[in-house]
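One letter stands for each residue in the lines below.
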Amino acid sequence: MRSLFPVTDLTRTAPDPSGPPIDREWSLDELADAYAYPPALRADGAGTPWLRANMVSTLDGAAQHDGRSQGISCAADMRIFGTLRGLADVVIAGAETVRLEGYRPARAREAFAARRAAAGQGPAPAVAVVTGSMDLDFSLPLFTEPLVPTLVVTGAGAPSDRIAAARKAGAEVVIAGEGGRVDPARVVRELADRGLTRQLTEGGPRLLGQFVAAGVLDELCLTVSPMLTAGDAQRIAGGPGVAVPERFFLASLLEEAGFLFTRYRRTDR
Ligand SMILES: NC(=O)c1ccc[n+]([C@@H]2O[C@H](COP(=O)([O-])OP(=O)(O)OC[C@H]3O[C@@H](n4cnc5c(N)ncnc54)[C@H](OP(=O)(O)O)[C@@H]3O)[C@@H](O)[C@H]2O)c1
């Protein structure tokens, strides 16, 4: 792993800061430093959400292969995936990703324990599943065995028997929309109101597209996988487009084995 941008300040142990970037495996601690959330904008740190997305795409824009993202990922991508979870208060995922990727509760990992304790975070992030149908298997460990209760984010018109089933399994039901739909901007606010301000969405594309269209995405961590797949796979963000493309700013760029780990932010601050 080496930092291509910025060249110097992510390669802390470089003997010569003006020299070439170091190419070696980064520790989880170094990755966590590189991907730290920005300091809270409010002095008390409360209520100021930062929504980051983590996605992987092939060179030709496919966000999955054979219905999953694993085939276009790599070991370094999974280390960054784990690091981003290790820094987050909450992992937000669309129900289809949860169903297809077989989501389990987030783990408490020793590598991030001290950092999380110092930041006032619990041992692992909560998982928040966005669903209108509530068509989820509430007997799965994601709902029955998490370290922190899983959140089920749905609309006010969600089926009451499914809401009861979610609660019975131990999940917290969050209403963030009218009828059967969830309002993406309200998801961010509702989670922040619960103290979950360091937010990480892992997609999928239909959910991410709505965060983009609602103008609430602060940061995109996009892995560019050196693969071509053709076909009709989804892009990383789908659904109705925005009227005017929004410009993001490159915050960092890492590379390993031809995979590019980009990080773009809404602001250049
Ligand atoms: N490349 C990557 O980084 C990446 C990341 C994640 C996933 N993926 C891939 O993407 C695919 C799945 O993604 P997807 O885009 O099809 O689905 P998705 O965004 O994961 O989930 C869509 C589902 O989320 C719920 N949902 C989304 N927006 C909602 C709203 N406004 N109100 C209520 N419910 C809402 C609905 O659930 P209900 O149907 O329950 O109502 C909807 O069917 C999989 O192939 C996965 O492997 C790739």
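All figures in this text were calculated on a predicted structure; none of them were measured in a lab.

1. Re the pattern of salt bridges
Consideration 1: According to the stated counting rule, one finds 18 salt bridges in the structure shown.
Consideration 2: Between Arg266 and Asp218 there is a salt bridge, with the nearest N and O atoms lying 3.8 Å from each other. Taken together, the residues span a long stretch of sequence, with Arg266 in the segment after strand 10 (259-265) and Asp218 in the loop between helix 8 (205-213) and strand 8 (219-225) at a distance of 48 residues. Accessibility classification places Arg266 together with Asp218 in one group, the buried group.
Consideration 3: A salt bridge links Arg265 to Glu219, with the nearest nitrogen and oxygen atoms 3.6 Å apart.

2. Observations concerning the site of the ligand
Consideration 1: Contacts to the ligand come from 28 residues, most closely from Ala63, Thr97, Glu101, Arg206 and Gln210.
Consideration 2: Within the contact set of the ligand, an oxygen atom lies 2.7 Å away from a backbone nitrogen or oxygen of Arg206.
Consideration 3: For the ligand, whose unbound accessible area comes to 920 Å², protein coverage reaches 92%.
Consideration 4: Judged by the fraction of its atoms near the pocket grid, the ligand is located in the largest pocket.
Consideration 5: Those elements that place two or more of their residues in the shell around the ligand are strand 2 (50-58), helix 3 (95-100) and helix 8.
Consideration 6: Per-element accounting of the shell around the ligand gives the leading share, five residues, to helix 3.
Consideration 7: Considered class by class, the residues forming the shell around the ligand number nine nonpolar, 12 polar and seven charged.

What counts, and where the lines are drawn
Residues numbered from 1 in each chain as written. Predicted model: local features only at pLDDT ≥ 70, side-chain atom pairs only at ≥ 80, totals over all residues. Heavy atoms only, no water. Salt bridge = Lys/Arg side-chain N within 4 Å of Asp/Glu carboxyl O. Helix = DSSP H or I, 4+ residues; strand = E, 2+ residues; numbered from the N terminus. Buried < 20%, exposed > 50% of the residue type's maximum accessible area, 1.4 Å probe, protein only. Near = heavy atom within 4 Å. Polar contact = N/O pair within 3.5 Å; in protein donor to acceptor, adjacent residues only side chain to side chain. Areas by Shrake-Rupley, 256 points an atom, 1.4 Å probe, with all protein chains shown as cover. 1 Å grid on protein atoms, 1.4 Å probe; cavity = no way out; pocket = protein on both sides within 12 Å on 5 of 7 lines; lining within 4 Å. Sits in = over half its atoms within 2 Å of the grid points. Nonpolar A, V, L, I, M, F, W, Y, C, P; charged D, E, K, R; others polar.

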